[in-house]
Amino acid sequence: LKSIDLAVQKLMALGLAQLHELTRINSAIVVNETVEQAKRLGLGRAGGFVNAVLRKAAAARQASPEDPHWHRHPAATSLGASPAPERVLDYAELI
């Protein structure tokens, strides 16, 4: 993670927080908006990386939609998202 730009890390942390906390919002929207934000911030090719990471986390959420601990699914734990923080800002501390 140390080789990933700090702005990209924070953006992914916010995307992961949205996936975890805002469960009534479609995962595809969260992923798309986070990728678009990366583009607006001029983060170059990081948008593709952000897309891949968040899509993997979204797949974990969709695999276990009724499980409040979906972030512990193998697809999400490989992202370093387990255990889920209590507050959105804690996601930024994961990275």
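Scroll up to find the structure.
Below is a short write-up of the structure.

Rules used in this analysis
- Residues numbered from 1 in each chain as written.
- Predicted model: local features only at pLDDT ≥ 70, side-chain atom pairs only at ≥ 80, totals over all residues.
- Heavy atoms only, no water.
- Helix = DSSP H or I, 4+ residues; strand = E, 2+ residues; numbered from the N terminus.
- Areas by Shrake-Rupley, 256 points an atom, 1.4 Å probe, with all protein chains shown as cover.
- Core = buried A, V, L, I, M, F, W, Y, C linked by side-chain atoms within 4.5 Å.
- Buried < 20%, exposed > 50% of the residue type's maximum accessible area, 1.4 Å probe, protein only.
- Patch = residues over 30% accessible without salt bridge, like charges linked within 9 Å, V, L, I, M, F, W, Y side chains within 5 Å.
- Salt bridge = Lys/Arg side-chain N within 4 Å of Asp/Glu carboxyl O.
- Expected span 1.5 Å × (residues − 1).
- Arc of directions from axis to C-beta.

1. Points about the overall build of the protein chain
- Helix and strand content of the protein chain: 5 helices and 0 strands.
- Reading the protein chain from its N end, one meets helices and strands in the order α-α-α-α-α.
- For the protein chain, the computed accessible surface area is about 5800 Å², with 55% contributed by carbon and sulfur atoms.

2. Structural notes on the nonpolar core
- Ranked by internal contacts, the top residues of the largest apolar core, which has 17 residues, are Val-8, Met-12, Leu-19, Val-31, Leu-43, Val-50 and Leu-54.
- When contributions to this core are tallied by element, the ones reaching two or more residues are α1 (6-21), α2 (27-40) and α3 (46-63).
- In terms of residue count, α3 provides more of this core than any other element does, 6 residues in total.

3. Topic: a nonpolar patch on the surface
- A cluster of nonpolar side chains, contributed by Leu-22, Ile-25 and Ile-29, occupies part of the molecular surface with about 240 Å² of accessible area.
- You can call Ile-29 partly exposed: its relative accessible area is 48%.

4. Quick word on α3
- Given a rise of 1.5 Å per residue, 18 residues ought to cover 26 Å, and the 26 Å separating the end C-alpha atoms of α3 matches this to within 8%.
- What α3 keeps buried is the set Ala-46, Gly-47, Val-50, Val-53, Leu-54, Ala-57, Ala-58, Ala-60 and Arg-61. Here the buried residues of α3 occupy an arc of 155° about the axis, which is enough to place them on one side. Pointing more than 90 degrees away from the buried face of α3 are the exposed residues Arg-55, Gln-62 and Ala-63.

5. Concerning the environment of Leu-16
- Locating Leu-16 in the fold gives a position in helix α1.
- When its relative accessible area of 8% is taken as the criterion, Leu-16 is described as buried.
- Once the C-alpha coordinates of Leu-16 and Ala-58 are considered, the two residues, 42 residues apart in sequence, prove to be 8.7 Å apart.

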